[in-house]
Amino acid sequence: MPETITIDPITRIEGHLAIRLEVEDNAVSGAFCAGEMFRGFETILKGRDPLDAQQITQRICGVCPVSHGTASVLAQDDAYGLKVPENGNLLRNLILGANYIQSHIIHFYHLAALDFVDIAAITQYSGTDPEMQQLKAWATSQLSSQTIHPAAPFLPRYEGDYISDNDINLGAIKHYLQALEMRRLAHKLGAVFAGKLPHAASIVPGGVTEKVTAHNIAACRSMLTKLKNFVDHVYVPDVLAVANAFPDYFELGKGCGNFMAYGAFPDAADPSHKLLPGGLLVDGQTAVFQADKITEDIKYSKYNSASGRHPNQGETAPQPDKKDAYSWLKAPRYDGQVVEVGPLARMLIAYTEGTNPDVKSIVDNTLTAIGRDASALVSVMGRHAARALECKIVADQCERWLSALKPGQSAFTDFEIPATGSGVGLTEAPRGALGHWLTLEDHKIASYQCVVPTTWNCSPRDDQDRPGPVEQALMGTSIADKKNPLEATRIVRSFDPCIACAVH
Amino acid sequence: MSEITRRHFFKLSAKMAALMGLGATALPKIAQALEQMAAGTAPILWLQGQSCSGCSVSFLDSDEPEPLQVLTRYISLKFHSSLSTATGKTAMRVLNDTIAAGKYFLVVEGAVPAAMPEACVVGHEPFTKQVVRAAQNAQAVIAVGACAAYGGLPAAENNPTGSMGVPDYLKKQGVQKPTILLPGCPAHPDWIIGTLVHALQFGLPNLDAKGRPQMFFNRSLHDQCQRFSDYERENFAKTFADEGCFFKLGCLGPITRADCNLRLWNGGTNTCIKAGAPCIGCASEDFGRKASFPFYRKNELQNKGNIVS
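Everything quoted here is computed from the prediction, not taken from an experiment.

Let's talk about the overall build of chain B
And then number 1: Within chain B, the secondary structure is distributed over 13 helices and 9 strands.
And then number 2: Classification of the 309 residues of chain B by burial places 59% in the buried group.
And then number 3: Contacts spanning at least 24 positions in sequence make up 72% of the contacts within chain B whose residues lie at least 6 apart.

Rendered as structure tokens:
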């Protein structure tokens, strides 16, 4: 009989996720991902004014609201037949880019790194950095006090094989603090044109409502310079240092091996060309992506609506007590296949297609630096590396988008909402491929369906009983200490799950 | 604690005092509050229900005090699902021990699925139960954001989970606790941190009849709008991104009480109306509640053939 390990709640992700593992001879023989929270956004959207959608759908997720706002306005642009001015496309890219930078930084430093870095090393700090001294003084006074669970939220934790080199640990802790500052700055950068973040005010069908001025551009450039410096000289090197300390994790958490991206960051003048291209990699081969091949199964999901439908015909009828259902996530499939989405999928697809020379060279240089070939990328460390490299590519491109902006020219084109119509908005959230499908009747929303990155990655089993990508990535993993299943949390967190997004 | 650290402490206190509109005489008291908090005498337990984590992200977007100061000087954050290293059973142990020890301030982010307890489960426990036992042992409850305060979008018309805000839900369950509402989608970081520090050192801040701190929510956005003179001169915007007052496009500033037009977001960077978009009333009780009351009137005006002039 396999032994069961339950990790519930799995913290340091967005939202409510539980992982159940069946373990035989210390290896995972069964893995189940359970999304534990449901709100019903798709039902709430029915009958609403379509202009409510980009505001309502942003509230699906406070970590990547911009992606939902973007998918929603793309669907509405499509339904209303709009051509967005170049400034509008550039500002949408900049706001989304700023959100990518904050999301990737928070994921590595504040969510994932504490599975590898020994945070307790702060008590050994002997340097002169005032912030580090402050943290040390706080941790020391906490640990010598009578308070329950001193030094929370940084302790307690799973005990296990953290990095033993204290120089690396202390450097990473310093960067954890610096990263708090940097992700905040990235949101500030986005807010210059978004109005506020999280939950942007300015993203509307037809473009962006904020004005382009020379001062706005200069303000952004100043913040971006600091962010680029951090990404180039701190974030990317830290990921490689952690990867170097945990070489086994280039072999662990491989997953389903199929990848999909819709593509994101359209060229301002020619939106069909994207910085991060869309595409498919199935069994190592590229294939042409067709949006009509997406379906959602619900055999193990807590819904009683029809299974296997395209999002255009999708329904969301909850049945919380459904027999054998173990998750609020649906199980999306592409042409019946289990596929992984996210920065790794985007980098692998861009690398394989070779359409973006920056991606090709940065990936090749990194692989040379770590002495591995591209197959090593399909792993826990590969996901972290892909995310960091993508962060660099996006941050570098933000500079070019800023340079292309034309002060004084509008970023918004006015429009009328037709009585009927339909639209599709396909983009990429920091966590992967994001699609919104919209139909209109009598100037109102008749149907609205969202298929979200973590819906793909953390999906439960489908109608054919095939596990989702995270479930597959956990299979076969050796768990050294069942009370401290760090291996499992490292694998799950490498996907950067967002459950509020995934269920919505 | 070294002199330098202590001086730093006073500097931070000055920023906090400015944030809360307090005079210089309040400084020593604030420094004392921060030190007490750092020593863990006033723990914070932060729970998430039907949330998007947007208020947590907003909390981390605090400009002054910056996040490190918030975590090590301003609050003793016992548990927060997005930040805690503790996970799984360890996380539940921290949560349960904190509740057992009592005397904490309970921060809740997200709504409560009152009619469908399965719609939010944490550590095998329905959130509908967890929030009640956490509130029962708390000194006070702080409902952060539109969802916790009023139900927000999870409680909008046609929602399938019977979602509601924390104060209403606790009242229904017969739990009586001092409760502060910090609406907004998300709540502004200054509102969250300013309220916590005030509650710890000076007791609960002065609240309005609906439980909101007066220092942040005493006037309408409209009263403090940078486009108020446009309203007075009847210079109305025709569409998004236009110059002029957004009133005729459905701006909800007149019925929304919050100080964002003066305070601005993301460290004084910008705010909705300044960025060319009408206020959608995210700090109002009825935020996003009804299909018949959309955020913007653009669609309605267009269909009446009555584009404003």
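A short note on the overall build of chain A
And then number 1: Looking only at helices and strands, one finds 14 helices and 15 strands in chain A.
And then number 2: If one aligns the C-alpha atoms of chain A with their principal axes, the spans along those axes are about 65 × 60 × 45 Å.
And then number 3: Classification of the 504 residues of chain A by burial places 61% in the buried group.
And then number 4: Relative to all contacts within chain A whose residues are 6 or more apart in sequence, the contacts with residues 24 or more apart total 74%.

Notes on the interface of chain B and chain A
And then number 1: Listed as interface residues are 80 residues of chain B and, on the opposing side, 82 residues of chain A.
And then number 2: Secondary structure elements with two or more residues in the side of chain B that touches chain A: helix H3 (54-60), helix H4 (67-74), strand E2 (76-80), helix H5 (88-101), strand E5 (121-122) and helix H13 (298-303) of chain B.
And then number 3: Considering each element in turn, the side of chain B that touches chain A owes the most residues, 7 residues, to H5 of chain B.
And then number 4: Class assignment of the residues belonging to the side of chain B that touches chain A gives a composition of 38 nonpolar, 35 polar and 7 charged.

A few points about the domain arrangement of chain B
Frequently, the measure chosen for interface size is the accessible area removed from exposure when the parts meet.
Residue and element names in this part refer to chain B.
And then number 1: Partitioning chain B into structural domains gives domain 1 (3-217) and domain 2 (219-309).
And then number 2: Contact residues are listed per partner, giving 15 residues for domain 1 and 16 residues for domain 2.
And then number 3: Looking at the side of domain 1 that touches domain 2, the elements with two or more residues in it are helix H7 (145-150) and helix H10 (214-217).
And then number 4: Across the side of domain 1 that touches domain 2, the residue classes break down as 8 nonpolar, 3 polar and 4 charged.

Things to note about the sheet that holds E2 of chain B
Adjacent strands of a sheet pair through backbone hydrogen bonds, lying either parallel or antiparallel.
All names here are of chain B.
And then number 1: In spatial order, the strands read E2-E1-E3-E7-E9; together these 5 strands make up an open sheet with parallel pairing. Here the strands that pair on one side only, and so sit at the sheet edges, are E2 and strand E9 (179-182). Direction aside, the axes of adjacent strands within the sheet are offset by 20 degrees on average.
And then number 2: In this sheet, strand E7 (residues 140-144) lies alongside strand E3 (residues 105-109) in parallel orientation, the contact comprising 5 bridges. Each residue of the ladder has a partner; that of phenylalanine 105, found in E7, is alanine 140.
And then number 3: Running at roughly 160 degrees to E9, helix H9 (residues 189-202) makes contact with strand E1 (43-48), E3, E7 and E9 of the sheet.

A look at unusual backbone geometry
And then number 1: Across the junction of alanine 152 of chain A and proline 153 of chain A, the peptide omega takes the value 5 degrees, indicating a cis bond.
And then number 2: Topologically, proline 153 of chain A is positioned in the loop between helix H5 (130-143) and helix H6 (166-194).
And then number 3: Following cysteine 185 of chain B, the chain continues to proline 186 of chain B via a peptide bond in cis, the omega torsion being 0 degrees.
And then number 4: Mapped onto the fold, proline 186 of chain B is located in the loop between E9 and H9.
And then number 5: You will see that asparagine 26 of chain A, though not glycine, has its phi angle at about 65 degrees, which is positive.
And then number 6: Secondary-structure assignment places asparagine 26 of chain A in the loop between strand E2 (17-24) and strand E3 (27-35).
And then number 7: The residue asparagine 158 of chain B is not glycine, and still its phi comes out positive at about 70 degrees.
And then number 8: Tracing the backbone shows asparagine 158 of chain B in the loop between H7 and strand E8 (163-164).

Notes on the nonpolar core
The nonpolar side chains of a soluble globular protein tend to be buried, and buried together.
And then number 1: Core analysis: the biggest nonpolar cluster contains 260 residues, and Leu227 of chain A together with Leu106 of chain B have the highest contact counts within it.
And then number 2: Broken down by element, the residue count for this core peaks at 15 residues, all from H6 of chain A.
And then number 3: Residue contributions to this core reach at least three from each of two domains, namely domain 1 (3-217) and domain 2 (219-309) of chain B.
And then number 4: Discounting residues that sit within four places of it in the chain, leucine 227 of chain A has contacts with Ile101, Met182, Leu185, Ala186, Leu189 and Ala395 of chain A.

Topic: the sheet that holds strand E6 (residues 259-261) of chain A
All names here are of chain A.
And then number 1: Spatially, the 3 strands line up as an open sheet ordered E6-E9-E10, and their pairing is antiparallel. Two strands close off the open sheet at either side, each with one partner strand: E6 and strand E10 (285-287). The average angle at which neighbouring strand axes cross in this sheet is 20 degrees, direction not considered.
And then number 2: Note: E6 against strand E9 (residues 279-282), 3 bridges, orientation antiparallel.

A look at the environment of glutamate 64 of chain B
Residue and element names in this part refer to chain B.
And then number 1: Checked against the element boundaries, glutamate 64 lands in the loop between H3 and H4.
And then number 2: A count of 16 C-beta atoms within 10 Å places glutamate 64 in the partly exposed class.
And then number 3: Measuring from C-alpha to C-alpha, the distance between glutamate 64 and glutamine 50 comes to 28 Å, with 14 residues separating the pair along the chain.

Thoughts on the confidence of the model for chain B
And then number 1: Residues with a pLDDT of 70 or more make up 85% of chain B, whose mean pLDDT is 89.
And then number 2: Here the prediction assigns the complex a pTM of 0.95, and the interface score ipTM is 0.97.

As for the packing of helix H9 (residues 357-370) of chain A against helix H10 (residues 380-404) of chain A
All names here are of chain A.
And then number 1: At a closest axis distance of 11 Å, the pairing of H9 and H10 adopts a crossing angle of 135 degrees. By the angle class used here, H9 and H10 are oblique. You can see that H9 and H10 cross each other, and the crossing is right-handed. The segment H9 lies against H10, with Asp358, Val359, Ile362, Val363 and Thr366 engaging Ala385, Leu389, Lys392 and Ile393.

Thoughts on the packing of helix H4 (residues 86-112) of chain A against H6 of chain A
Residue and element names in this part refer to chain A.
And then number 1: The geometry of H4 relative to H6 is characterised by a closest axis approach of 8 Å and an angle of 165 degrees between their N-to-C directions. Considering their axes alone, H4 and H6 lie roughly antiparallel with respect to each other. As for how H4 packs across H6, the hand of that crossing is left-handed. Facing Leu91, Leu94, Ile95, Ala98, Asn99, Ile101, Gln102, Ile105, Ile106, Tyr109 and His110 of H4, the residues of H6 in contact are His175, Tyr176, Ala179, Met182, Arg183, Ala186, His187, Leu189, Gly190, Phe193 and Ala194.
And then number 2: Its residues assigned to classes, the contact of H4 with H6 shows 15 nonpolar, 6 polar and 1 charged.

Some points on H5 of chain B
And then number 1: Along its 14 residues, H5 of chain B runs 20 Å from first to last C-alpha, staying within 8% of the 20 Å computed at 1.5 Å per residue.
And then number 2: By the burial criterion, the buried members of H5 of chain B are Gly88, Thr90, Ala91, Val94, Leu95, Thr98 and Ile99 of chain B.
And then number 3: In this fold, the buried residues of H5 of chain B make contact with strand E1 (3-7) of chain A together with E1, E2 and helix H6 (127-136) of chain B.
And then number 4: Just downstream of H5 of chain B lies glycine 102 of chain B, where phi reads positive at about 65 degrees.

Concerning the environment of leucine 377 of chain A
Residues and elements named next belong to chain A.
And then number 1: Within the element layout of this structure, leucine 377 appears in the loop between H9 and H10.
And then number 2: Here leucine 377 falls in the buried class, since 21 other C-beta atoms lie within 10 Å of it.
And then number 3: On a C-alpha basis, the gap between leucine 377 and methionine 347 in space is 9.5 Å, while along the polypeptide they are 30 residues apart.
And then number 4: Those residues in contact with leucine 377, other than ones at most four positions away along the chain, are Leu344, Leu348, Gly382, Ala385 and Ala386.

What counts as what
Residues numbered from 1 in each chain as written. Chains lettered and ligands numbered in written order. Predicted model: local features only at pLDDT ≥ 70, side-chain atom pairs only at ≥ 80, totals over all residues. Helix = DSSP H or I, 4+ residues; strand = E, 2+ residues; numbered from the N terminus. Buried ≥ 20, exposed ≤ 12 C-beta atoms within 10 Å, placed from the backbone. Contact = placed C-beta atoms within 7 Å. Nonpolar A, V, L, I, M, F, W, Y, C, P; charged D, E, K, R; others polar. Domains from an automatic or database assignment. Pairing = 2+ DSSP bridges. Axes fitted to C-alpha atoms, helices over the stretch in contact; angles between N-to-C directions. Core = buried A, V, L, I, M, F, W, Y, C linked by C-beta atoms within 7 Å. pLDDT = per-residue confidence, 0-100. Parallel < 35°, antiparallel > 145°, perpendicular 65-115°, else oblique. Left-handed = near helix turned anticlockwise from the far one by under 90°. Expected span 1.5 Å × (residues − 1).

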